[in-house]
Amino acid sequence: MFLINCPFCGEREQSEFKAGGEAHIVRPKQPTELSDDEWAEYLFMRKNIKGIQFERWNHVHGCRKWFNMVRDTSNDQIKAVYKMGEKPPVK
Amino acid sequence: MTNNLRFKTSKFIDETYRVSFKFNNKTYYGFKGDTLASALLANGIHLVGRSFKYHRPRGIMTSGSEEPNAIIQLHDNSSRTEPNVRATEVEIYEGLVASSQNCWPSVNFDIGGINNLLSPILPAGFYYKTFMWPASFWEKYEYFIRKSAGLGKSPKVADPDIYEHKYIHCDVLVIGAGISGIMAAKMAAKNGFKTLLVDEKSYLGGSSIYDNSEFSKINNQITSSWLEKEINEISKLENLEIKIRTSVAAFHGYNFLLARENLTDHLPINQRENKVRQRLLKIRAKKVITATGSIERPLIFDNNDRPGILLSSAIKKYIDLYGVACGENNVLFTNNDTAYETAMSLIQRGIKINAIIDNREQIDSKISYEVEKNNIKIYKGYTVVDTYGYRRINKISIMKLSKDGQTVIGDKTKLNCDCLGVSGGWTPAVHLFTQSGGKLKFREEDQVFIPDVYPSDQISIGSCNGDFGLEEIIKNTLSSIKKFLDIDNSEYKTVETISGLNQSKRNIWLLPSDKSIGKTKSFVDYQNDATAKDIKLALREGFRSIEHVKRYTTTGMGTDQGKLGNMHALGIISETAGTKMGEHGTTTFRPPYTPLTFGTIVGRNVGEFFDIFRRTPIHDWHVANKAEFENVGQWKRAWYYPKDNENMHQAVQRESKAARDSAGILDASTLGKIDIQGTDASEFLNRVYTNAWSKLAVGKCRYGLMLNEDGMVYDDGVTTRLDENHYIMTTTTGGAANVLGKLEDYLQTEWPELDVYLSSVTDHYATISVCGPNSKKIVSKVIPDLDLSDEKFPHMSFKNAKIDNIKCRVMRISFTGEHSYEINIQANYGKSVWEKCMEAGKDFNITPYGTETMHLLRAEKGFIIVGQDTDATMTPIDLQMDWIVSKKKFDFIGKRSLYRSDTIREDRKQLVGLLTENPEEVLEEGAQIVADIKKTPIEMLGHVTSSYYSPNLKKSIALGVVKGGKNMFGQKLIIPMENKNINVTVADPVFLDKEGERLNAKL
Ligand SMILES: [Zn+2]
């Protein structure tokens, strides 16, 4: 079970958190101008990387804040956590 | 039985404290300090069970948690009965009752033993191959397989014991209190680390604590004496917590570990009252030191499973720790020096050793010379080729090994014995290390897997790290702990060791025999009866991966997870396939290391704590008025209120009629309530609901439908504008938490620029809904100051009011199609206001109704319930709710998806009403809807989502989803049931008062 360093609360048990899928997918500003394929790309297509992956997490049983995490899915090492809106750290 | 098996030499056994116990209905005696296994052995009993597949007689094989054979049922016929307990781990207590498993009618005469004679036709994969086809026979096969196989009995009644969970946070966790664990714990604690030391045994010190041999010394003291002083010293350290009888079951990522602490199992039954039996420790350690030691390997030869065959280290432990001789005429069989330590322990007590069979041609160690000096015959370069004796070994035959160790040569010699100690070297106990995600490497010279890459801040020391010699263990423990903890002071000055052992070994995974392999039974996994022959067969049949071979032969799949034989299985595979060890992978050791009871896993979460539930502020009234309850999410909701002897149908019919004829009252407190404030609150609602919100006047309410981004209906409810920048949103009962989460997600991640604040206030308010033609009169009595005239308080509006000076919010909204009010008041006043409404409604036959009637009333009006009439595939258009989807709004969640090529299909499943040909026939919810039953396969058009008998319409009504249903009004369809076909007509889903006359009637 992970120990996750919430950017707002500090280190907490994984059981307090909820994973929220791939990070840095921006909701299109004008969805109506997108083709079906473009909309589907936003709606359905997600990466499933073995290795370094950027993810959204929510401290759902804590401060309820969403934040981003860089995780190596091959060994579950958490490389970084950072707030929404912040740039991902450079490797 | 022989009396001279107990030697009064052990300080671990309290000879003044005699303990009586029952095994297989016979009473025996042991002493305090004995395990069930040592006490049985002291009574001359080896045969304790039957094997799983062939029902072969099996005896105690080991002295610890790796035991594959001595698996017993503890506490016969009581609520505490427990199967699959290892006799080697049970400390005896007065009144202990235990029995053998997997044998019928008795362990000495077992009918299933016939499987042993049939074994040529019971090869690996036999069950798979024979019983898989035809599949319809499986039920019959299964019955016989289970009857003859079963491993123990589970208790039939609730567990009376208390269990609990405990969190522990520490700087350093040391697993295993053997010599290196003790040293590591001392170094950590003395250097300021908050340290926890755990060991599965009832004593500290591991196997060194009974090592009294002159051939093993530390700083010129006998190892056990040196260690005793160390233990004495660490027991006084403030920084160190020590837990014995505590076994680590799981080692997860990020140094999170689960351990089971056994607190009462060793006590006499009458001393366990009101005490916690076992504790599940949830340990989060900054650093973990694994010192779990190693497990002695057996040797794989023909008939290597007879009672009386034990690991040589177990024989040593039984004599040194418990003062029990496992036999009176012993033979030791080894490929390394370990057996000579056992020999010395036996020699010291004058116990006969008939011979030592050693695979090695050359033996060069002080201890072996000493054994030879005692006139013990050592057969060098020999192997055991067979054993004899049914319920107990009585003879072995041996032959000389060829140079390459692949065959046997020369003549066969027979030797008598009643006990055979075997030693195939040692396997590091890397189970926890691999559980944590650690990667192993193979060490060629002594054929062991040892830790290589650590996935977290942890280290393995001692023999679980592949250090076997005393000097090596101590030297490496000191240096690696210093480095691991980054400390200068090791707390140890010089540690000098003397050891008479040499680490040489002649490893042969499968010992050769004069018989062909097909005629041998050389067991690799004792518990699951998997033999070397089975593994070779699996390879012949094309299995390569160790995981596949394991499943096919069931090797390593028993409750012991193959702690003894997994390495041999790997070895035989690589020898047979001509590959390198480790190339086929190592097997995965999964938690728990040793089995856990369910009680330990659930802890205090039993009974009403098993699954928590929420109750409304009015709950006690419902209970007092005999409501039946329904679980909705975590909530207990009043389902219906049966009067006299009413069944559910009768109660619901009465409640539904009363609500429309006069007045009904519903506890709606479970509806989710989200308080929304901020200057962008209206804009926010515009974006999350399908309809428009900007123009909603203060004091007005509006129904909203919320979609997922994929256009599918997610939730619905009424939202009220309390003030310019203040709304209160209601959600479905089950959707409340998810809706709040979704709204927060969008606010924080997509629209952080919006000035909006959300708070869940579900639990803050009690919500009471009063409906029906007399609702106005009732509410005017409860809140006399409130003007309820249609002009001042029209449908879909809200007023602030006071009841007995307590502020409340009153909404005129309706989920039943009747004139109705919803009173929201601070939760703790909920029950008294409810009672006030009941009192005020007395003259109007005010009738409390539950969720079932609520569902019926809304179905009459064709109102959907999200999650019942919808699943995650229904758009608002599918629900015929086009009216609620704004065409003008630029965007809202899910808008774009409403005109994807798939969502605009005309033949999607759409919500319709269904009327049965026979108005008394009520459809089953979930029933399939078809048009043509003649053409097969019959095309499924949809299914029934809601179905009731309406007392107000005096007919059966139903809602359902049907492909293209929107354009099928008036069409006849069929609902095929098991024994009949029901004819239905597609209808408008609004069955009652489509014009809203009831809602708008002047009252
Ligand atoms: Zn937080």
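Up top you'll find the structure we're talking about.
Here the structure is a predicted model, which is why all the values come from computation and not from measurement.

A. Examining the overall build of chain B more closely. Secondary structure assignment for chain B yields 23 helices and 50 strands. When the backbone C-alpha atoms are referred to their principal axes, chain B occupies close to 115 × 70 × 55 Å. Here chain B holds 1003 residues, and the buried ones make up 60% of them. Across chain B, every contact between residues at least 6 apart in sequence was considered, and the portion connecting residues at least 24 apart equals 66%. When the accessible surface of chain B is summed, it comes to about 41900 Å², and 51% of that surface belongs to carbon and sulfur atoms.

B. Highlighting the interface of chain B and chain A. The partner chain A presents 26 residues to the 28 residues of chain B that form the contact. Buried surface at the junction of chain B and chain A, summed over both partners, amounts to about 2400 Å²; 46% is from carbon and sulfur atoms. For the pair chain B and chain A, the interface holds six salt bridges. Where Glu 744 of chain B meets Arg 64 of chain A, a salt bridge forms, and the shortest distance between an N and an O atom there is 2.8 Å. The interface formed by chain B and chain A contains 19 residue pairs in polar contact (both at pLDDT 80 or more). It is helix H19 (residues 736–750) of chain B that provides the largest number of residues to the side of chain B that touches chain A, a total of eight residues. Considering only residue class, the side of chain B that touches chain A consists of ten nonpolar, eight polar and ten charged.

C. Fine view of the pairing of strand S40 (residues 765–771) of chain B. Residues and elements named next belong to chain B. Counting buried positions over the seven residues of S40 gives six, a clear majority of the element. Looking at chain direction, strand S34 (residues 664–667) and S40 are connected through four bridges and run antiparallel. By the bridge assignment for S40, Leu 666 is matched with Ser 769. Alignment of S40 against strand S43 (residues 820–826), held across seven bridges, turns out to be antiparallel. Counted as the bridge partner of Ile 768 is Ile 823 from S43.

D. Spotlight on the pattern of salt bridges. A full pass over the atoms with the stated rule returns 72 salt bridges over all chains. In this structure, Arg 27 of chain A engages Glu 709 of chain B in a salt bridge whose closest nitrogen and oxygen atoms are separated by 2.5 Å. Highlighted residues: Arg 27 of chain A in the loop between strand S3 (18–22) and helix H1 (36–44) and Glu 709 of chain B in the loop between strand S36 (701–707) and strand S37 (713–723), drawn from two different chains. A salt bridge links Glu 228 of chain B to Lys 11 of chain B, with the nearest nitrogen and oxygen atoms 2.8 Å apart. Placement of Glu 228 of chain B in helix H6 (residues 223–234) and of Lys 11 of chain B in the segment before strand S1 (14–23) is noted, with a sequence separation of 217 residues between them. Note on Glu 228 of chain B: relative accessible area 33%, which makes it partly exposed. For Lys 11 of chain B, a relative accessible area of 59% corresponds to the exposed category. One connected set of salt bridges, linked through shared partners, spans Glu 164, Glu 241, Lys 243, Glu 261, Arg 279 and Arg 604 of chain B.

Cut-off values and rules
Residues numbered from 1 in each chain as written. Chains lettered and ligands numbered in written order. Predicted model: local features only at pLDDT ≥ 70, side-chain atom pairs only at ≥ 80, totals over all residues. Heavy atoms only, no water. Helix = DSSP H or I, 4+ residues; strand = E, 2+ residues; numbered from the N terminus. Buried < 20%, exposed > 50% of the residue type's maximum accessible area, 1.4 Å probe, protein only. Contact = heavy atoms within 4.5 Å. Areas by Shrake-Rupley, 256 points an atom, 1.4 Å probe, with all protein chains shown as cover. Buried area = accessible area lost by both parts, 1.4 Å probe. Salt bridge = Lys/Arg side-chain N within 4 Å of Asp/Glu carboxyl O. Polar contact = N/O pair within 3.5 Å; in protein donor to acceptor, adjacent residues only side chain to side chain. Nonpolar A, V, L, I, M, F, W, Y, C, P; charged D, E, K, R; others polar. Pairing = 2+ DSSP bridges.

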